[in-house]
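Structural overview for review
What follows is the residue order along each chain.
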Amino acid sequence: MNLAGMLSWSFEFENGGFFEGFRTLATRGVDQPILNVFRMAGLLLGERVMTSSTGQIPLDEMMKNGVRQAPDVDAMATEAAHEAAVMLWNYHDDDLPAPSAEVQVTIKGIPAEVEKVLLEHYRIDDTYSNSYTVWKRMGSPQTPTPEQYAQMKAAGRLELLSSPEWLDVSNGKVTIATSLPRQATSLMHWKW
């Protein structure tokens, strides 16, 4: 199955308050976290490949019961010439504090001649790529100072979780362990 496109029914609400309303990608010129999900999706190049997750909630169960018991910890992945990407998430219907999911991602099928891959790991959570949480920490100002506005604009960009790093490939595969907070989304992008 290939992802042909993503669609958002988004609207612009002029003169509204910061983070007021639903179905927006930006608020008064500040990118909202959902826009970073689209940026991550833009890094999923090539063909979609199969993933498996022990934390996945099957679609039929999700449609019937929602995600009310255990969180849905799942992924989608793509491969292209000289690169691969995995988007993973830890989702629950209830937006309440909860433990992070300890996740191990293994990429297989890297060409035998490749000894190292460069990993870029992007994250959206309460700390990274999230203008909304920055705004809330400021006290939810409706008339932010120029400095506060600049901080919110910067927080609206897609951020790396850590500096890019070179990883060793062993027998055509590489494994990464990460802690994925509740309601977080990560994108791991490998190049070789």
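The preceding data block contains the structure.
A look at the overall build of the protein chain
Broken down by element type, the protein chain carries four helices and 11 strands. Here the C-alpha radius of gyration of the protein chain, 18 Å, is about what a compact globule of 192 residues would show, namely 16 Å. Here the protein chain holds 192 residues, and 39% of them are scored as buried. A separation threshold of at least 6 residues defines the contact pool for the protein chain, and within that pool the share at least 24 residues apart is 72%. Element-wise, carbon and sulfur atoms account for 53% of the exposed surface of the protein chain, whose accessible area totals about 11700 Å². Within the protein chain, one finds 16 positive and 24 negative side-chain charges whose respective centroids are separated by 2 Å.

A look at the nonpolar core
The biggest cluster of nonpolar side chains holds 21 residues, and the ones touching the most others in it are Val86, Leu88, Val105, Val117, Val174 and Trp190. Of all the elements in the fold, those that place two or more residues in this core are strand E4 (72-80), strand E5 (83-91), strand E6 (101-107), strand E7 (116-124), strand E10 (174-180) and strand E11 (185-191). When residues no more than four places from it in sequence are discounted, the contact partners of Leu88 are Asp74, Ala75, Val103, Val105, Leu180, Ala184, Thr185, Ser186 and Met188.

Some remarks on helix H1 (residues 33-42)
Buried within H1 are the following residues: Pro33, Leu35, Asn36, Met40 and Ala41. Next to the buried residues of H1 lie strand E2 (30-31), E5, E7, helix H3 (131-137) and E11.

Quick notes on the pairing of E7
With respect to burial, E7 is a largely interior element, eight of its nine residues being buried. The pairing of E7 with strand E9 (residues 165-168) spans four bridges and is antiparallel. For Leu118, the partnering residue across the bridge sits in E9 and is Trp166. Bridge count between E7 and E11: seven bridges; the pairing is antiparallel. Paired with Glu120 across the strands is His189, a residue of E11. Two elements, E7 and strand E8 (residues 159-160), share two bridges in a ladder whose sense is antiparallel. Each residue of the ladder has a partner; that of Tyr122, found in E8, is Leu160.

Parameters at a glance
- Residues numbered from 1 in each chain as written.
- Predicted model: local features only at pLDDT ≥ 70, side-chain atom pairs only at ≥ 80, totals over all residues.
- Heavy atoms only, no water.
- Helix = DSSP H or I, 4+ residues; strand = E, 2+ residues; numbered from the N terminus.
- Rg over C-alpha atoms; globule rule 2.2 N^0.38 Å.
- Buried < 20%, exposed > 50% of the residue type's maximum accessible area, 1.4 Å probe, protein only.
- Contact = heavy atoms within 4.5 Å.
- Areas by Shrake-Rupley, 256 points an atom, 1.4 Å probe, with all protein chains shown as cover.
- Lys, Arg positive; Asp, Glu negative; His and termini not counted.
- Charge placed at Lys NZ, Arg CZ, Asp CG, Glu CD.
- Core = buried A, V, L, I, M, F, W, Y, C linked by side-chain atoms within 4.5 Å.
- Pairing = 2+ DSSP bridges.

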